[in-house]
Amino acid sequence: MEMSTADFEQLVTDELDLLPDDMVDGLDNVVFVVEDEPEDGSDLFGIYDGVAQTERGQYGFGELPDRIVVFRKQHLLECDTLDELKDEVHTTLVHEIGHFYGIDDDRLHELGWA
């Protein structure tokens, strides 16, 4: 599948806007970023780069924002249609937001978000 970076970023924004308020309202000091691919060459769809809410102690005084990164190329490689792409981006966002809330991969898998 082909899609420009700008169009993919807009799709991510649109999918983020569709998430339930109670999921995104608690996000604190988090930015969402689109990158082409992971620097390590892995096949990840996204990554949460930060300190989970459950592990924050004296967090919030001068720290850089946590990042949720969505990788464009992996999504485009795995999806054949726009609907598939939207579903996969949605799943990636929920998965990485789950990590912000301290939910590990095993539990996300049990919940169907891995």
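All values derive from a computational prediction rather than experimental measurement.

In the Ramachandran plot, asparagine 29 falls in the positive-phi region, its phi being about 60 degrees despite a non-glycine side chain. Here asparagine 29 lies in the loop between helix H2 (21–24) and strand S1 (30–35).

On to a negative patch on the surface, then. Residues Asp80, Asp83, Glu84 and Asp87 make up a contiguous surface patch of negative charge. Along the chain, glutamate 84 turns up in helix H4 (residues 82–100).

For the rest of this paragraph, the subject is the layout of surface pockets. Of the volumes computed, that of the largest pocket is approximately 240 Å³. Together, 15 residues line the largest pocket, and Leu44, Phe45, Gly46, His95 and Glu96 are the ones closest to its centre. Here the lining of the largest pocket is built from residues that sort into six nonpolar, five polar and four charged.

Thresholds, definitions, all that
Residues numbered from 1 in each chain as written. Predicted model: local features only at pLDDT ≥ 70, side-chain atom pairs only at ≥ 80, totals over all residues. Heavy atoms only, no water. Helix = DSSP H or I, 4+ residues; strand = E, 2+ residues; numbered from the N terminus. Patch = residues over 30% accessible without salt bridge, like charges linked within 9 Å, V, L, I, M, F, W, Y side chains within 5 Å. Areas by Shrake-Rupley, 256 points an atom, 1.4 Å probe, with all protein chains shown as cover. Salt bridge = Lys/Arg side-chain N within 4 Å of Asp/Glu carboxyl O. Lys, Arg positive; Asp, Glu negative; His and termini not counted. Charge placed at Lys NZ, Arg CZ, Asp CG, Glu CD. 1 Å grid on protein atoms, 1.4 Å probe; cavity = no way out; pocket = protein on both sides within 12 Å on 5 of 7 lines; lining within 4 Å. Points joined across faces, edges and corners; volume = space filled by probe spheres on them. Nonpolar A, V, L, I, M, F, W, Y, C, P; charged D, E, K, R; others polar.

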